[in-house]
Amino acid sequence: MRPQTPYRGRFAPSPSGYLHFGSLITALASFLDAKKNNGTWLVRIEDIDPPREKKGASDHILKTLEAFGLHWDESILFQSNQSDYYHHLIEQLFNEHHCYYCRCTRAQIKALGGIYQGHCRDLKLEKENSAIRVINQQSIVQYQDLIQGKVQCDQSLAKEDFIILRKDGLFAYQLAVVADDIYQEISHVIRGCDLLEPTARQLSFYPLLANKSSKTTQQIQAPLFGHVPLAVTEQGYKLSKQNKAPAIENNNPQPALYAALQFLGQQPPPELQYLNVDEIIQWAIIHWQLESVPKKREIQLT
Ligand code: GLU
Ligand code: ZN
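Residues numbered from 1 in each chain as written. Chains lettered and ligands numbered in written order. Predicted model: local features only at pLDDT ≥ 70, side-chain atom pairs only at ≥ 80, totals over all residues. Heavy atoms only, no water.

(A) Layout of the packing of helix H6 (residues 173-183) against helix H7 (residues 198-210). One can describe the packing of H6 onto H7 by two numbers: an axis separation of 9 Å at closest approach and a directional angle of 55°. With respect to H7, the element H6 is oriented oblique. Pair H6 / H7 crosses with right-handed handedness. Of the residues in H7, those in contact with Tyr173, Gln174, Leu175, Val177, Val178, Ala179, Asp181 and Ile182 of H6 are Pro198, Arg201, Gln202, Phe205, Tyr206, Leu209 and Ala210. For the contact of H6 with H7, the class distribution of residues is 11 nonpolar, 2 polar and 2 charged. (Axes fitted to C-alpha atoms, helices over the stretch in contact; angles between N-to-C directions. Helix = DSSP H or I, 4+ residues; strand = E, 2+ residues; numbered from the N terminus. Parallel < 35°, antiparallel > 145°, perpendicular 65-115°, else oblique. Left-handed = near helix turned anticlockwise from the far one by under 90°. Contact = heavy atoms within 4.5 Å. Nonpolar A, V, L, I, M, F, W, Y, C, P; charged D, E, K, R; others polar.)

Rendered as structure tokens:
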């Protein structure tokens, strides 16, 4: 493990909607693992994609976290305030020839099998109408997950030169997430299995960005990752507000909190449901065992 660095965890929702049962599971797991390890737990709002944003969602997400007793330790980081930092990183990547402009369209890539094959890497294209891709040198294809054990990722996906700045000028998730995990000195990322595969790219990207962030002169290590199972419907669909997800009600958090602990394999005693939120959370911190989280990528809600 990493005894020399303090535990710093985070929950990083995108404000594209309100929290649902699936996101509560992730928030709760990352919170409990941080608290159990006497760590710091941060909340970061990943608001880099305005067209997909739902108005009022950030506020609503924060209110839900508070209602569920998930109190964060430092001020909230909004990725929309990080543009200068991201641009600075991209500029440095350019200076060191770690990225390039690409004009391939989605249709062109699809026609080649869906994986980008490095078409524009040596074309020296200009900025106009281009995305920026990073040269993916490290190409990590497997890693040790704190929950799932050894994770083997899709080779071609893990090795793809991925986009860090979109054609429309918006920052890509892969850039912002790694940049800010470095910026916030995150040591542990506990999140949902939907991000199992992108983790390989993030691990490859981490060393490249870490030495460009002026935050510290120390060697920065990539965080450890743990992915909790995804809650899916009986038909195997990801949860959404319309289907089976137990309602997330800010004024009645106990049932969802209890169900989330059950989902995470923590075996809460039935009487816990009738306690108040802070008591439930206290119980959950004391009894939290990451080892008890099911080693599955998906669990159906029945
Ligand atoms: N913002 C991402 C999402 O809501 C999660 C990012 C992460 O946890 O790394 O899916
Ligand atoms: Zn291209």
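(B) Local environment of helix H9 (residues 277-287). Those residues of H9 that fall on the buried side of the exposure criterion are Val277, Ile280, Ile281, Trp283, Ala284 and Ile285. Among the structural elements, helix H1 (21-36), helix H2 (57-67) and helix H8 (254-263) are those in contact with the buried residues of H9. Its side-chain oxygen at 3.2 Å from the backbone nitrogen of Asp278, Asn276 defines the N-terminal cap of H9. (Buried < 20%, exposed > 50% of the residue type's maximum accessible area, 1.4 Å probe, protein only. Polar contact = N/O pair within 3.5 Å; in protein donor to acceptor, adjacent residues only side chain to side chain.)

(C) Quick look at the packing of aromatic side chains. Summed over the entire model, instances satisfying the criterion amount to 7 aromatic pairs. Summarising the aromatic geometry, the rings of Tyr85 and Tyr183 are spaced 5.1 Å apart at their centres and angled 45° between planes, so their arrangement reads as tilted. Of this pair, Tyr85 sits in helix H3 (residues 83-95) while Tyr183 is found in helix H6, placing the two residues 98 residues apart along the sequence. On the accessibility criterion, Tyr183 (30% relative accessible area) is partly exposed. When the centroid spacing of 4.9 Å and the interplanar angle of 40° are considered together, the rings of Phe94 and Tyr101 count as tilted. A connected cluster of aromatic rings, assembled from ring pairs, spans Tyr85, Tyr86, Phe171 and Tyr183. When the ring centre of Tyr18 is taken as reference, the NZ or CZ atom of Lys54 above it lies at 4.7 Å. In this arrangement the basic side chain of Arg133 is found over the ring face of Tyr116, its NZ or CZ atom lying 3.6 Å from the centre. (Phe/Tyr/Trp six-rings, centres within 6.5 Å; stacked < 30°, edge-to-face > 60°. Lys NZ or Arg CZ within 6 Å of the ring centre and 35° of its normal.)

(D) View of the sheet that holds strand S4 (residues 99-102). The sheet built from 3 strands is open, its strands ordered S4-S5-S8 with antiparallel pairing. Every other strand in the sheet has two partners, leaving S4 and strand S8 (163-165) as the edge strands with one partner each. With strand direction ignored, the average angle separating the axes of adjacent strands in the sheet is 45°. Of the pairings in the sheet, the one linking S4 to strand S5 (residues 131-134) comprises 4 bridges and is antiparallel in character. Counterpart to Tyr101 in the pairing with S5 is Ile132. (Pairing = 2+ DSSP bridges.)

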